[in-house]
Amino acid sequence: MGRIDLILLILLILTVFYVFVQQAIINDYKGLTAEQSNRLHSKDTTIRNLLGTNSSLRAEMNTVNERIRGQFEVKTMEVTFYAPLDPDAVEGMCYSGDPNITASGERVVVGLTAAADKSIPFGTRIFVEGFGWRVVQDRGGSIQGDRIDIAVATKEEALRLGRKHATVLIWKGEAK
């Protein structure tokens, strides 16, 4: 990974983090008293004014954001979990054929392997909010449209994690 790629990755992560912090701030405003809300709004305005006074920083951030948007597709997707390597995995539900091998022919790697719709090519890198970077290596009968299925170690973990909606960044570059 080159220096520019590393810088872009760091800026992407910071941008995603900023979005989540902003969402948390919005959620925190709910249920506050009027006085608490006004104090928070005042502090938020001060921070925005400080950032707004540095036009070169603002312009650089806009340039970086445009480059990031050009390299990733951002979607809200349904995220589920499967455990093909669990000894209690059920063929036809958790895997088809050899539970160790994905539909792409790669080995299942917990913490890396994800299943996605055929519209996302094998080898595509994705960033799943709350779960980090994954690689699309697998398919699934019910994994269609805006769904991602992440390989985990056990059925218990898959059931505990359940079904979630998360922001997913899909790398537009060439799949590896």
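Rules used in this analysis
- Residues numbered from 1 in each chain as written.
- Predicted model: local features only at pLDDT ≥ 70, side-chain atom pairs only at ≥ 80, totals over all residues.
- Heavy atoms only, no water.
- Phe/Tyr/Trp six-rings, centres within 6.5 Å; stacked < 30°, edge-to-face > 60°.
- Helix = DSSP H or I, 4+ residues; strand = E, 2+ residues; numbered from the N terminus.
- Lys NZ or Arg CZ within 6 Å of the ring centre and 35° of its normal.
- 1 Å grid on protein atoms, 1.4 Å probe; cavity = no way out; pocket = protein on both sides within 12 Å on 5 of 7 lines; lining within 4 Å.
- Points joined across faces, edges and corners; volume = space filled by probe spheres on them.
- Nonpolar A, V, L, I, M, F, W, Y, C, P; charged D, E, K, R; others polar.
- Pairing = 2+ DSSP bridges.
- Axes fitted to C-alpha atoms, helices over the stretch in contact; angles between N-to-C directions.
- Buried < 20%, exposed > 50% of the residue type's maximum accessible area, 1.4 Å probe, protein only.
- Core = buried A, V, L, I, M, F, W, Y, C linked by side-chain atoms within 4.5 Å.
- Contact = heavy atoms within 4.5 Å.
- Salt bridge = Lys/Arg side-chain N within 4 Å of Asp/Glu carboxyl O.

**Concerning the packing of aromatic side chains**
Centre-to-centre distance and the angle between the planes together describe a pair of aromatic rings.
Here comes step 1: Overall, the coordinates contain four aromatic pairs when judged by the stated rule.
Here comes step 2: Consider the rings of Phe72 and Trp171, whose centres lie 5.2 Å apart with planes at 70°: the pair is edge-to-face. Taken together, the residues Phe72 in strand S1 (residues 72-82) and Trp171 in strand S6 (residues 164-171) connect sequence positions 99 residues apart.
Here comes step 3: Ring pairs connect the aromatic residues Phe72, Phe127, Trp133 and Trp171, which therefore count as one cluster.
Here comes step 4: Stacked on the ring of Trp171, the Lys or Arg Arg125 has its end atom at 5.2 Å from the ring centre.
Here comes step 5: Between Arg139 and the ring centre of Phe122, over which it is positioned, the NZ or CZ distance is 4.1 Å.

**Comments concerning the layout of surface pockets**
Here comes step 1: Quantified by volume, the largest pocket comes out at close to 650 Å³.
Here comes step 2: What lines the largest pocket is a set of 28 residues, and nearest its centre among them are Phe81, Tyr82, Met93, Cys94 and Asp149.
Here comes step 3: Among the elements of the structure, S1, strand S5 (147-151) and helix H4 (155-161) are those that each provide at least two residues to the lining of the largest pocket.
Here comes step 4: Tallied by class, the residues present in the lining of the largest pocket amount to 14 nonpolar, eight polar and six charged.

**Here we look at the sheet that holds S5**
Here comes step 1: Spatially, S1-S5-S2-S4-S3-S6 is the arrangement adopted by the six strands of the closed barrel, whose pairing is mixed. Strand-to-strand twist of the sheet, defined as the mean angle between neighbouring strand axes without regard to direction, takes the value 45°.
Here comes step 2: Pairing analysis gives four bridges linking strand S3 (residues 125-128) to strand S4 (residues 132-138), with the strands arranged antiparallel. Counted as the bridge partner of Arg125 is Val135 from S4.

**Description of the pairing of S4**
Here comes step 1: Within S4, six of the seven residues are buried, which leaves the element mostly enclosed by the surrounding structure.
Here comes step 2: Across three bridges, strand S2 (residues 113-116) lies against S4 in parallel orientation. Directly across from Thr113, in S4, lies its bridge partner Val135.
Here comes step 3: Here S3 folds back onto S4, and the loop between the two strands holds three residues, one of which, Gly130, carries a positive phi near 90°.

**A look at the nonpolar core**
Here comes step 1: Phe81, Ile120, Ile126, Val128 and Ile148 are the most contacted members of the largest nonpolar core, which totals 18 residues.
Here comes step 2: Residue assignment for this core shows that the elements contributing at least two residues are S1, S2, S3, S5, H4 and S6.
Here comes step 3: Filtering out sequence-adjacent residues up to four positions away, Ile148 remains in contact with Met77, Glu78, Val79, Thr80, Ala114, Ala115, Ala116, Ile120 and Ile126.

**Considerations on the pattern of salt bridges**
Here comes step 1: All chains considered together, the criterion is met by four salt bridges.
Here comes step 2: Asp146 is the partner of Lys75 in a salt bridge, and the nearest nitrogen-oxygen pair spans 2.9 Å. Of this pair, Lys75 sits in strand S1 while Asp146 sits in the loop between S4 and S5, and the two are 71 residues apart along the sequence.
Here comes step 3: For Lys75, a relative accessible area of 23% corresponds to the partly exposed category.

**Observations concerning the pairing of S5**
Here comes step 1: For S5, the buried fraction is high: five of the five residues fall into the buried class.
Here comes step 2: Relative to S5, S1 runs parallel, the two being bridged by five bridges. Looking across to S5, one finds that Phe81 is bridged to Ile150.

**Some points on the environment of Val110**
Here comes step 1: As for its position among the elements, Val110 is in the loop between S1 and S2.
Here comes step 2: Residue Val110 is classed as partly exposed on the basis of its relative accessible area of 38%.
Here comes step 3: Linking Val110 and Arg134, residues 24 residues apart in sequence, is a C-alpha distance of 9.6 Å.
Here comes step 4: Those residues within four positions of Val110 in sequence are excluded, and the remaining contacts are Leu85, Ala151, Val152 and Ala153.

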